[in-house]
Amino acid sequence: MTDNRAFLNHLRALPVFRGLSEAALAQLAGGAAWREFRAKQVIFLEGETSSGLHYLASGCVKAVKQSLEGREHILRVINPGEMFNDIGAFTDRPNPATAIALEDSGIWVLPRSAIAQTLRQQPEMAQHIIENMAESLVQLVNLVADLSFRSVASRLARLLMDEAEGDVIRRPRWQTQAELAAQLGTVPDVLQRAIRALQADGAIEVTRAEIRILNRPALRAWCE
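Position numbers for residues count from 1 along each chain, tracking the sequence in the order it is written. Only residues with pLDDT of at least 70 are given local features in this predicted model, and only at 80 or more are side-chain atom pairs given and counted; all residues enter the totals for whole chains, interfaces and linings. The basis for every side-chain value is the complete set of heavy atoms in the structure, and neither hydrogens nor water enter the calculation.

Student: It is not clear to me how the overall build of the protein should be interpreted in this structure. Could you clarify?
Tutor: The numbering of helices and of strands both runs from the N terminus, where a helix is a DSSP run of H or I of at least 4 residues and a strand a run of E of at least 2. Helix and strand content of the protein: nine helices and 11 strands. Only C-alpha atoms enter the radius of gyration, while the globule expectation follows 2.2 Å times N to the 0.38, with N the number of residues. Relative to a compact globule of 224 residues, whose C-alpha radius of gyration would be 17 Å, the protein shows 19 Å and is just as compact. Counting the 224 residues in the protein, one finds 43% classified as buried. Contacts are assigned to residue pairs that have any heavy atoms within 4.5 Å of one another. By sequence separation, contacts in the protein at least 24 residues apart represent 71% of the contacts at least 6 residues apart. Relative accessibility under 20% of the residue-type maximum defines a buried residue, over 50% an exposed one, and the middle range a partly exposed one, all with a 1.4 Å probe and only protein chains included.

Pasting the structure below:
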């Protein structure tokens, strides 16, 4: 994974770099830096100057906002093959959130200077950047709407429906009750009540390793 030539193949597949010449892609890949992080290690802090665009090659990362009291809300869980910190990388602004490794993770970092140089040489790339940032904005608007108008049980039901493979949601080792609560914008006690409600309705079954959907129509009703 640490070979910049291997990273070039990943760049070709990313929508934001669609249409770039091979020479431009090779230039970007050549300037990328490989970094490794242990589980629970901070990758970057909110408010710091952005080091660039991040591409997760392996592992799992969370992007979070934290209150002054230390309460955490997970804005996004990043999986391999995804980019993050595009706002900090593409605009002259500090990092908008903190990124923390949930598992041992390998990340490629594209410096802001390399991205700016590519934009000057191939301004058509800006269209894909705009589309990518617009998609991020839509996700944030939906997140605000969910927090404002949906109950914790409803948000949990939707998350389970979205993440299920068949009728099973595997629970990674890092996904504690506190982590799942932070992802849903609540606290563990409230989350536990929501889980009990879905279980009492016969919609799900919860074990340490997985959550299993027992009744999809019932779970869908909670979503709505």
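Student: Honestly, the sheet that holds strand S4 (residues 61-66) in this entry has me stumped. Any pointers?
Tutor: Strand pairing in a sheet is mediated by backbone hydrogen bonds. Such pairs are either parallel or antiparallel. The strand order S2-S7-S4-S5 describes an open sheet built from four strands, whose pairing is antiparallel. A single partner strand is all that each edge strand has here, and the edge strands are strand S2 (42-44) and strand S5 (72-78). On average, each strand axis in the sheet is inclined to that of its neighbour by 35°, with strand direction left out of account. In this structure, S4 lies alongside S5, joined through six bridges in antiparallel fashion. Residue Ala63 lies in a different strand from S5, and its bridge partner there is Arg76. At least two bridges found by DSSP between two strands are what make those strands a pair. Lines fitted to C-alpha atoms define the axes, with helix axes restricted to the stretch in contact, and inter-axis angles between N-to-C directions lie between 0 and 180 degrees.

Student: Teacher, can you tell me more about the layout of surface pockets here?
Tutor: Leftover empty space is mapped by rolling, across the atoms, a probe with the size of a water molecule. Of the volumes computed, that of the second largest pocket is approximately 220 Å³. Think of a 1 Å grid over just the protein atoms. A cavity is a set of points where a 1.4 Å probe fits yet cannot get out, a pocket is an open set with protein on both sides within 12 Å along at least five of seven lines, and lining residues have an atom within 4 Å of a point. Every residue lining the second largest pocket is listed: Ala39, Lys40, Lys62, Ile100, Ala101, Leu102, Glu103, Arg173, Trp174, Thr176 and Glu179. Taken together, the residues that form the lining of the second largest pocket break down as five nonpolar, one polar and five charged. Grid points are joined across faces, edges and corners, and a volume is the space filled by probe spheres set on the points. Charged residues are taken to be Asp, Glu, Lys and Arg, nonpolar residues to be Ala, Val, Leu, Ile, Met, Phe, Trp, Tyr, Cys and Pro, and polar residues to be all remaining types, Gly included.

Student: Help me understand the sheet that holds strand S6 (residues 83-84) in this model?
Tutor: The sheet built from four strands is open, its strands ordered S1-S8-S3-S6 with antiparallel pairing. The strands lining the two open edges of the sheet, one partner per strand, are strand S1 (33-37) and S6. Taken together, the six bridges between strand S3 (residues 52-58) and strand S8 (residues 105-111) define a ladder with antiparallel strand orientation. Within S8, the position partnered with Gly52 by the bridge is Pro111. Its contacts with the sheet place helix H4 (residues 112-121) against S3 and S8, and it is angled at close to 50° to S8.

Student: For this particular structure, what's the right way to read empty space enclosed by the protein?
Tutor: The final tally for this structure, using the stated rule, is one cavity of 30 Å³ or more. Each pocket or cavity is described by its volume, and for the largest cavity that value is around 30 Å³. As for the largest cavity, its lining consists of Leu159, Leu160, Glu163, Ile169, Gln175, Leu180 and Ile211. With three residues, the single largest contributor to the lining of the largest cavity is helix H6 (residues 152-163).

Student: Looking at this model, I keep getting lost on the pattern of salt bridges. Mind explaining?
Tutor: When the charged atoms of two side chains with opposite charge come close together, those side chains can pair. For this document, the term salt bridge refers to a Lys or Arg side-chain nitrogen within 4 Å of an Asp or Glu carboxyl oxygen. By the definition in use, this model includes nine salt bridges. Put simply, Glu210 and Arg170 hold a salt bridge, and the shortest N to O gap is 2.7 Å. Of this pair, Glu210 sits in strand S11 (residues 210-213) while Arg170 sits in strand S9 (residues 168-170), and the two are 40 residues apart along the sequence. The class of Arg170 is exposed, set by a relative accessible area of 58%.

Student: Quick question: what am I supposed to make of the nonpolar core here?
Tutor: Nonpolar side chains tend to gather and get buried jointly when the protein is soluble and globular. Core analysis: the biggest nonpolar cluster contains 24 residues, and Phe7, Leu11, Phe17, Leu28, Leu53, Leu110 and Ile115 have the highest contact counts within it. Of all the elements in the fold, those that place two or more residues in this core are helix H1 (4-13), helix H2 (22-31), S3, helix H3 (86-90), S8, H4 and helix H5 (125-149). In terms of residue count, the dominant contributor to this core is H2 (four residues). Those residues in contact with Leu28 that sit more than four places away from it in its chain are Leu11, Phe17, Leu20, Leu110, Ala114, Ile115 and Thr118. Listed in part, the 23 residues of the second largest apolar core include Val152, Leu159, Ile169 and Ile204. Only buried residues count toward a nonpolar core. Its members are Ala, Val, Leu, Ile, Met, Phe, Trp, Tyr and Cys residues joined through side-chain atoms within 4.5 Å.

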